[in-house]
Amino acid sequence: MTQILPLSPDRLYRACDIDRFTFTTTAELDDLTEGIGQMRAMDAAHFGIGMRHAGYNLYVMGPPGSGKRTLIRQLLDQRAGKEAKPADWCYVHNFSQPHKPRAIQLPAGMGTRFHADMQQLVAELQATIPAVFEGEEYRRRLSQIDEEYGERQTQAFVEVGDEANKQGITLLRTPNGFSFAPAKGDEVMSPDEYEKLPPEEKTRVEQAIASLQEQLEKVIRQVHLWRRERIERVHKLNEEAVLFAVGHLIDDLRSNYADYPAVCSYLNEVQQNVIESMDEFRHPKEAMSGLAALTSELPNFSRFRVNLLVAREAAEAAPVIYEDHPTYQNLLGRVEHVSQLGALVTNFLLIKPGALHQANGGYLLLDAFKLLSQPFSWEGLKRALSTHEIRIESLGQMYSLVSTVSLEPEPIPLDAKVILIGNRLLYYLLAQYDPEFGELFKVAADFEDEVVRSADNDLLYARLIATLARRDTLRPFDRGAVARVIEHSARRAEDAEKLSTHMESLADLVREADYWAGQDQREVVECADVERAIGAQIKRSDRLRERSHEAILRGILHIDTEGERVGQVNGLSVFQLGDFSFAQPSRITANTRLGEGELIDIQREVKLGGAIHSKGVLILSSFLASRYAAEQPLSLAASLVFEQTYGQVEGDSASVAELCALLSSLANAPIRQSLAVTGSVDQFGRVQAIGAVNEKIEGYFDICKQRGLTGQQGVLIPASNVSHLMLRRDVVEAAAAGRFHVYAVETVDDALELLTGIPAGAADTEGSFDQRVAQRLKHLAELRRAYAKKAGRGSGGSHVHDDA
């Protein structure tokens, strides 16, 4: 029997060597501008950001709180300052198709100028056009036209009247028009006088009147032509007047924007529309029609204004936008509506930009989970990236939910790099189930959960602490405080040879340690402040741990920490409550009896065992059969259970403990209750690593400490977990004093020797544990054959079945 010694205290905790630090406090250190141990992720990010071809968008993945968003943002800010300035984008009225506003691209800063110029133009038009029509020159020319056509009309009717007078007929003007009547001198002939005329005279008068009537009709037709001609001349005069008034204003704008054909084309349309709608400027109230006139508001000529959708300052770098609430409208923009007289109306000035508009020409950061949580946002983003354009569409109209009149703004070309930030699960789900994802997000930047604990990384951690302290205006940390933070980071990584990259928890610890230093009125944060901060974090979260430990100490949950029991062993269970995890011992018991090789996992039978736990039980069943019943039937029935557990049991870290309890029952060998066991087992009896080894050891230690340490208590752990040990100081001190022990085992045989004090040996070794198990199984097999023979004789000997 090879004696297995407890682990020495130096293997239970890897302290940080502060003598390697050449600084006194972190105030002497430079800021850290790069991530620790994230070269793979940063190289991928540099590549994804620098690759300008389509589809090379970036998915940044890693655990929450790892600082990936901060690092990517720093990288983008550095790169954005070196890139070309993005353009301004405006929407203007489309005079030919008002429901399809036109998009105009202008250099950075020009959009704001264009917006102001058009506002100034509208103000000048409103003042200039009415003044032109009130001017003396316009009135004089209009009077000339009126006089000219008035004289023509008068002369035409005078000629008809003169011709009528020559024939003894008078031209009369009546309310209903013109008429002819026979005359006697200068007076109109009365009906009686007309009746007294000879028939020949009557005939002549009637013929003359008919001839004059034709001549009058010709004159009237001519007058209508002259009136139409007058209207055309007046309209032309008005156009000339308006053009004279505003032509130079628009010409000045054309000159200023001569390098931008889209603006010049728009200004030509503006000029034409101003001429066509001059009455709106001359008589604003009269020009309004329908319900609009009832509002008593004058027209604002909004169609001549500019909707400055995206404005950049002339000195601005490429934009880096983070959209925290990526709804469909916040991403792609929207068309708003306003209520007028009970109806919803809109115009191009109510087009609002989305995050893609703001990030166009730069970078857009999105949280992948938030994006996928919003209806239609993911599909809208993919459509924009696939078509390389931003199309503003109303979801209500797209899905026929509303019938409100809306707009169809001209799409804007998209040239932006999209960076999704999320966890690994989302990345692999999207890669598996969304075929477009791989086409649009070709680059993955995978951030490490942990980095190697080395002298160089320790110094980088110290610089990181210095950076966090300066950023949040905290006190500097001395070397001891830095060392304690590094040691705690290794504990969070669950590996003495690694450091956690969880920046959020690190920043929380640094801030809380600063708080406790302030409570003690210290100017520098010391190791004691960090220790106090760690203890306070645990204290705030350990109410349930205290309650469960109290139940054990009061005997409500039966856990033995001394004495010996057959078929009973202390396993170790871990409970995860948010960010806080703790462990406590669990009593595992096993019963064995004559049977046909069935192994009953009571947890599984009542559906309180998870799949991995069931797998562990099946593995130990396989080990049992292969070692002890390779050439004979396994003639036992066994049952395993976690006593006094009423919730789900998952994981295989108790499979070594279960196997030891089972073998103890078979060999009738009592197990030391002062020891607890953790570890999984394979089919060959090798003990395998498990998680949360520190919490498990400390959980059992806490129970033993409160009951009183005897020097016999301890925990058996897998040998492959030794490098993960970063135990609490009181556990290490108790181990150093010989009052508590941690044993590393490599096989089930090692565990059995420690638990029972009986050498494992082999089946043919006298007094060995394996011999006792083999003898018990042999005895059960003989009993089974005997029962089989007895059953055969009882049935008349017709059937004799020998399992051997």
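Residues numbered from 1 in each chain as written. Predicted model: local features only at pLDDT ≥ 70, side-chain atom pairs only at ≥ 80, totals over all residues. Heavy atoms only, no water.

(A) A look at the sheet that holds strand β2 (residues 88–92). Sheet architecture is open: 3 strands sit in the order β3-β2-β7, paired in antiparallel fashion. A strand with exactly one partner marks an edge of an open sheet, and here the two such strands are β3 (102–106) and β7 (307–310). The mean inter-strand angle of the sheet, taken between neighbouring strand axes irrespective of direction, is 30 degrees. By the bridge criterion, 5 bridges tie β2 to β3 in an arrangement that is antiparallel. Bridge pairing links Trp89 to Gln105 in β3. On the sheet, helix α3 (residues 110–133) packs against β2, β3 and β7 and is oriented at approximately 30 degrees with respect to β2. Along the sheet, helix α7 (residues 261–276) makes contact with β2 and β3, crossing β3 at roughly 135 degrees. (Pairing = 2+ DSSP bridges. Helix = DSSP H or I, 4+ residues; strand = E, 2+ residues; numbered from the N terminus. Axes fitted to C-alpha atoms, helices over the stretch in contact; angles between N-to-C directions. Contact = heavy atoms within 4.5 Å.)

(B) Quick peek at the pattern of salt bridges. This model, assessed by the stated rule, comprises 44 salt bridges. The salt bridge partner of Asp682 is Arg686, with a shortest N-O separation of 3.0 Å. Residue classification places Asp682 among the buried positions, given a relative accessible area of 11%. Residue classification places Arg686 among the partly exposed residues on the basis of a relative accessible area of 47%. Here the salt bridges share partners, and the residues they tie into one network are Arg491, Glu695, Glu698, Asp702, Lys705, Arg728 and Asp730. (Salt bridge = Lys/Arg side-chain N within 4 Å of Asp/Glu carboxyl O. Buried < 20%, exposed > 50% of the residue type's maximum accessible area, 1.4 Å probe, protein only.)

(C) Looking closely at the pairing of strand β17 (residues 443–446). Only one face of β17 is buried, namely the one carrying Val443 and Ala445, since none of Ala444 and Asp446 on the opposite face is buried. Across 4 bridges, the pairing between strand β1 (residues 58–61) and β17 is parallel. Within β17, the position partnered with Val60 by the bridge is Ala445.

(D) Examining helix α21 (residues 543–553) more closely. Along α21, the positions that sit buried rather than exposed are Arg545, Ser548, His549, Ala551 and Ile552. Mapping the buried residues of α21 onto a view down its axis gives an arc of 155 degrees, with all of them on the same face. Each element contacted by the buried residues of α21 is listed here: α20 (527–541), β22 (580–594) and α25 (693–707). (Arc of directions from axis to C-beta.)

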